[in-house]
Amino acid sequence: MPRVGLTRDTLVSAAADVADEIGFDRLTLAVLAERFGVRDASLYTHVRGLADLLESVALLAHDEWAHTLGQAVAGRSGHAALTAFADSYRAFATGHPGRYAATRYPVPPERLAASTGVTRIVEACYALLRGYDLAEPDATDAVRLLRSTFHGFSDLEAVGGFTADRDLDASWRRAVNALHHTLTHWSQI
């Protein structure tokens, strides 16, 4: 019998919170069951198993991230859109490390297709690039450059990989400004 108040959505949301606290790679059904004061078996009323839970957290993370990225670029273009997108990316990656890790979890294509999160993230990327007037294949190359830079910086920041005596925010601004310069002068590269 399902526990009153315990739903699939409640479990997935709580699992995402737990992933942010302890790491996505350490998220288990046992940890989640303990959070709710129930036995592991009780969770199977709501999820098919650990893989289903992890995929669901990944889909939730994509949806949440898509929302923040979409809001960041809405009504902006060029440098302003790039800066807002970059800051939103970094804030999500460093502020929600478990959710961010979940966005890299391999979700089966049929489940991804049923969700709009990934599509909306791609749309936000291309929306910010509209201000730079890049056509394909340049737009795809630019998206890959942006993601590589944002992911690399955020990932290194999250693990304390920057040890130089230099303000991280100042380095971040320089990186974003360098990307703006690159996108503005893309045809000359």
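Not measured: the values here are computed from a predicted model.

A. Up close: the overall build of the protein chain. Along the backbone of the protein chain there are 10 helices and 0 strands. Going from N to C terminus, the protein chain has its helices and strands arranged as α-α-α-α-α-α-α-α-α-α. The contacts of the protein chain with a sequence gap of at least 6 include a subset with a gap of at least 24, amounting to 70%. Here the protein chain displays about 10,200 Å² of accessible surface, and carbon together with sulfur accounts for 54% of that area. Each charge class in the protein chain can be summarised by its mean position, and for the 18 positive and 23 negative side chains these summaries are 2 Å apart.

B. The arrangement of helix 10 (residues 168-184) in detail. For helix 10, built from 17 residues, the straight-helix expectation of 24 Å at 1.5 Å per residue is met to within 8% by its first-to-last C-alpha distance of 24 Å. For helix 10, the complete set of buried residues consists of W172, V176, L179 and L183. Buried residues along helix 10 cover an arc of 55° about the axis, so they all sit on one side. Close packing links the buried residues of helix 10 with helix 5 (78-95), helix 8 (117-129) and helix 9 (138-158). The N-cap residue of helix 10 is D167: its side-chain oxygen and the backbone nitrogen of D169 are 3.4 Å apart.

C. Fine view of the pattern of salt bridges. Evaluated as defined, the whole model comprises 12 salt bridges. Notably, a salt bridge pairs R35 with E21, separated by 2.6 Å at the nearest N-O pair. Of this pair, R35 sits in helix 2 (residues 29-36) while E21 is found in helix 1 (residues 8-22), placing the two residues 14 residues apart along the sequence. R173 is paired through a salt bridge with D87; the nearest N and O atoms lie 2.9 Å apart. Of this pair, R173 sits in helix 10 while D87 sits in helix 5, and the two are 86 residues apart along the sequence. With relative accessibility at 26%, the residue D87 sits in the partly exposed group. Where salt bridges share partners, they join R8, R48, D52, E55 and R111 into one cluster.

D. Layout of the packing of aromatic side chains. For the structure on display, the rule yields 10 aromatic pairs. Both rings, one in F150 and one in W172, keep their centres 5.7 Å apart while their planes meet at 45°; by these two values the pair is tilted. A residue pair is termed long-range when its members are at least 10 positions apart, and F150 in helix 9 and W172 in helix 10 qualify at 22 residues. Side by side, F150 and W172 carry an identical accessibility label, which is buried. One aromatic cluster in this structure is built from W65, F85, Y89, F92, Y100, F150, F153, F162 and W172.

E. The environment of D9, seen in detail. With respect to the element layout, D9 can be found in helix 1. The class for D9 is exposed, based on a relative accessible area of 65%. Along the primary structure D9 and P106 are separated by 97 residues, whereas in three dimensions their C-alpha atoms are 20 Å apart.

Rules used throughout
- The residue numbers shown here count from 1 along each chain, following its written sequence.
- With pLDDT at 70 or above as the cut-off, local features in this predicted model cover only qualifying residues; side-chain atom pairs require 80 or more to be listed or tallied, and sums for whole chains, interfaces and linings still use all residues.
- Side-chain descriptors were evaluated using all non-hydrogen atoms of the structure, hydrogens and water having been removed beforehand.
- Helix and strand assignments come from DSSP, with helices taken as H or I runs of at least 4 residues and strands as E runs of at least 2, each series counted from the N terminus.
- In this description, contact between two residues means that some pair of their heavy atoms is separated by no more than 4.5 Å.
- The protein chains shown are the only cover counted for residues, whose accessible areas, like all others here, come from Shrake-Rupley with a 1.4 Å probe.
- For this count, His and the chain ends are skipped, Lys and Arg are scored as positive, and Asp and Glu as negative.
- Charge positions come from single atoms, namely NZ of Lys, CZ of Arg, CG of Asp or CD of Glu.
- Expected span of a helix, by definition, is 1.5 Å for each gap between consecutive residues, and there is one gap fewer than residues.
- The classification of residues rests on relative accessible area computed with a 1.4 Å probe and restricted to protein chains. Under 20% of the type maximum is buried, over 50% is exposed, and intermediate values are partly exposed.
- Each direction from the helix axis to a C-beta atom contributes to the arc, which is the arc of those directions.
- Whenever two N or O atoms come within 3.5 Å, that pair is a polar contact, provided that in protein one can donate a hydrogen and the other can accept it, and provided that, for residues adjacent in sequence, both atoms are side-chain atoms.
- Every case where a carboxyl oxygen of Asp or Glu lies within 4 Å of a side-chain nitrogen of Lys or Arg is listed as a salt bridge.
- Between 30 and 60 degrees the pair is tilted, below 30 it is stacked and above 60 it is edge-to-face, where a pair is any two Phe, Tyr or Trp rings, Trp via its six-membered ring, whose centres lie within 6.5 Å.

Bear in mind that shape data such as this cannot, by itself, settle questions of function.
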